[in-house]
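Structural features, examined
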Amino acid sequence: MKTQVAIVGAGPAGLLLGHLLRAEGIDCVIVERASADYVLGRIRAGVLEQITVQLMERIGLDARMKAEGLPHDGFNLADGDRLIRIDIHALTGKRVMVYGQTELTRDLMAACEERGLQVVYDASDVTLHDVDSDSPSITYAKDGASHRIDARFICGCDGFHGPSRKAVPAAVGSAFELVYPFGWLGILADVPPCNHELIYANHERGFALASMRSETRSRYYVDVPVTEKVEDWPDERIWDELATRLGPEAAAHMTRGPSIEKSIAPLRSFVFEPMRHGSLFLAGDSAHIVPPTGAKGLNLAASDVHYLSSALIGYFKAADHDGIAGYSSRALARVWKSERFSWSLTKLMHRFPSDGAFERRMQLAELDYIAQSETARRAIAENYVGLPL
Ligand code: RFL
Ligand code: PHB
């Protein structure tokens, strides 16, 4: 098979990119290792920046998000006693949209057929070839047969563990990484949220987040040591811990219920440079990971896709090579700022095993400063809603 752009991975980055290219009449094929159901079964992001919402608008797939998503004007930090509200709308004029990654992915998947976006699911042994030439290709196996796609470009949207980043020769790439000593234990339950806005809490006992998917479905997290197993956390233990860490106000409004999903996600900060090598581009989690504290992962994937789609559209429609040449540095400039925000909010809101009494007082002093200073709240709000493209 021959195409203009071969995309590896049908997560949000790959699907968004595919739709943006198809909308301009550019040929592309997505090759995905997993099944569509498996991709939809992963419970991940919940908060969308305006730029992500705008990309969905641009491809005309925003109707359900507008009808069912929850626009939020603010969120809260908690220090064990009180809620510190960050009024993002008053401080920045912008809002975020609470709409699950699962739903966004479902909307993107549902439109593939009618838009002529071909996705090959259940592809195994996906391998990239000749990425430093002008005629790269992908091979994969499906239903016992081998297949090959020849393309002008390959876009690696295959997440942190995919093969694309590994196709960049070690001599030309640099990886920057920080692994945190805790993970987030998440629980999804069909109960109303305890608060109409998100609460990120730093309590003596550790971190907790109260989030939601709808008025009737809640998503909560607590941080746990990386050695912990989901089996050690029956639902009641999680609800008890949430009630303590989120503080009395939230606990009083918390409805408990059986979990419909429960998992532990490790926390990592990671950046790979450059995000282009020859005819291969990296976008989303294949190039960078942020700890989920700033709600930035999916949104960064969307901003990469914004830059990459305009570079590819410029190349194919106007023979403009500048966008292609500048993609990596444009994307990385925004990536590093989101990395900084996610890392600093993670440090502010979590108890690290190496922290002593002094570090704890520093966290409390910073939270108190944020509570008192509109300037501090504005800086947080500006990052949370998403820095300009
Ligand atoms: P994905 O979603 O990992 O998709 C990559 C796709 O590539 C496929 N793949 C392969 N395909 C072919 N061949 C191979 N060999 C392949 N190997 C892998 C995979 O099957 C998959 O379908 O990456 P993408 O598209 O870059 O999207 C990134 C986002 O998924 C991620 O950044 C966010 O989920 C991060 N994240 C959050 N981001 C936000 O913006 N806001 C949030 O509120 C937020 N909360 C979260 C999060 C991530 C979490 N976890 C579990 C890591 C909360 C959590 C708990
Ligand atoms: C979520 O709802 O899953 C969520 C919300 C905010 C975050 C991370 C995850 O920062």
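In this report, the structure presented in the accompanying data block is examined. Quantities reported herein were computed from a predicted structural model and do not represent experimental measurements.

Some thoughts on the overall build of the protein
In terms of regular secondary structure, the protein is built from 12 helices and 20 strands. Here the C-alpha radius of gyration of the protein, 21 Å, is about what a compact globule of 389 residues would show, namely 21 Å. Looking at charge distribution, the protein has the averaged site of its 42 positive side-chain charges lying 2 Å from that of its 51 negative ones.

Considerations on the site of ligand 2
In the vicinity of ligand 2 there are 14 residues, among which Y200, S211, R213, Y221 and P292 approach most closely. Between ligand 2 and Y221 there is a distance of 2.6 Å, counted from an oxygen atom to a side-chain nitrogen or oxygen. Protein chains shield 96% of the accessible area of ligand 2, which is 280 Å² for the free molecule. Among the elements of the structure, β15 (206-212) and β16 (218-225) are those that each provide at least two residues to the shell around ligand 2. Partitioning the shell around ligand 2 into residue classes produces 8 nonpolar, 3 polar and 3 charged.

Describing the site of ligand 1
Neighbouring residues of ligand 1: 31 residues in total, closest E32, R42, Q101, D285 and L298. One of the backbone nitrogen or oxygen atoms of N299 is found 3.1 Å away from an oxygen atom of ligand 1. A per-element tally of the shell around ligand 1 places helix α9 (residues 297-318) first, with 3 residues. Here the residues of the shell around ligand 1 sort into 15 nonpolar, 9 polar and 7 charged.

What to know about unusual backbone geometry
In this model, E273 is joined to P274 through a cis peptide bond whose omega is -5°. Along the polypeptide, P274 turns up in the loop between β17 (259-273) and β18 (276-277). In this structure, D143 takes a positive phi of about 50° despite not being glycine. For D143, the position within the fold is in the loop between β10 (137-142) and β11 (145-150). Look at A295: it is not a glycine, yet its phi comes out positive at around 60°. Taking relative accessible area as the criterion, A295 reaches 19% and is therefore assigned buried.

Digging into the pairing of strand β13 (residues 174-189)
Sheet analysis places β13 next to β17, joined by 13 bridges and oriented antiparallel. Bridge pairing in β17 links E177 to F270. Taken together, the 8 bridges between β13 and β16 define a ladder with antiparallel strand orientation. The residue of β16 that forms the bridge with L185 is V222.

Examining the state of the cysteines
Taken as a whole and judged by the stated rule, the model has 0 disulfides. This cysteine, C112, is not joined by any disulfide, and C28 carries the nearest cysteine sulfur, 9.3 Å off.

Looking at the nonpolar core
Nonpolar side chains in soluble globular proteins tend to be buried together. By size, the foremost hydrophobic cluster in this structure holds 78 residues, and its most contacted members are L17, C155 and L312. When sequence neighbours within four positions are dropped, the list of residues in contact with C155 reads V5, A6, I7, V8, L17, F281, L308 and L312. Core analysis: the second largest hydrophobic core is formed by 33 residues, Y180, F207, A295 and L367 among them.

Conventions adopted
Residues numbered from 1 in each chain as written. Chains lettered and ligands numbered in written order. Predicted model: local features only at pLDDT ≥ 70, side-chain atom pairs only at ≥ 80, totals over all residues. Heavy atoms only, no water. Helix = DSSP H or I, 4+ residues; strand = E, 2+ residues; numbered from the N terminus. Rg over C-alpha atoms; globule rule 2.2 N^0.38 Å. Lys, Arg positive; Asp, Glu negative; His and termini not counted. Charge placed at Lys NZ, Arg CZ, Asp CG, Glu CD. Near = heavy atom within 4 Å. Polar contact = N/O pair within 3.5 Å; in protein donor to acceptor, adjacent residues only side chain to side chain. Areas by Shrake-Rupley, 256 points an atom, 1.4 Å probe, with all protein chains shown as cover. Nonpolar A, V, L, I, M, F, W, Y, C, P; charged D, E, K, R; others polar. Buried < 20%, exposed > 50% of the residue type's maximum accessible area, 1.4 Å probe, protein only. Pairing = 2+ DSSP bridges. Disulfide = S-S within 2.5 Å. Core = buried A, V, L, I, M, F, W, Y, C linked by side-chain atoms within 4.5 Å. Contact = heavy atoms within 4.5 Å.

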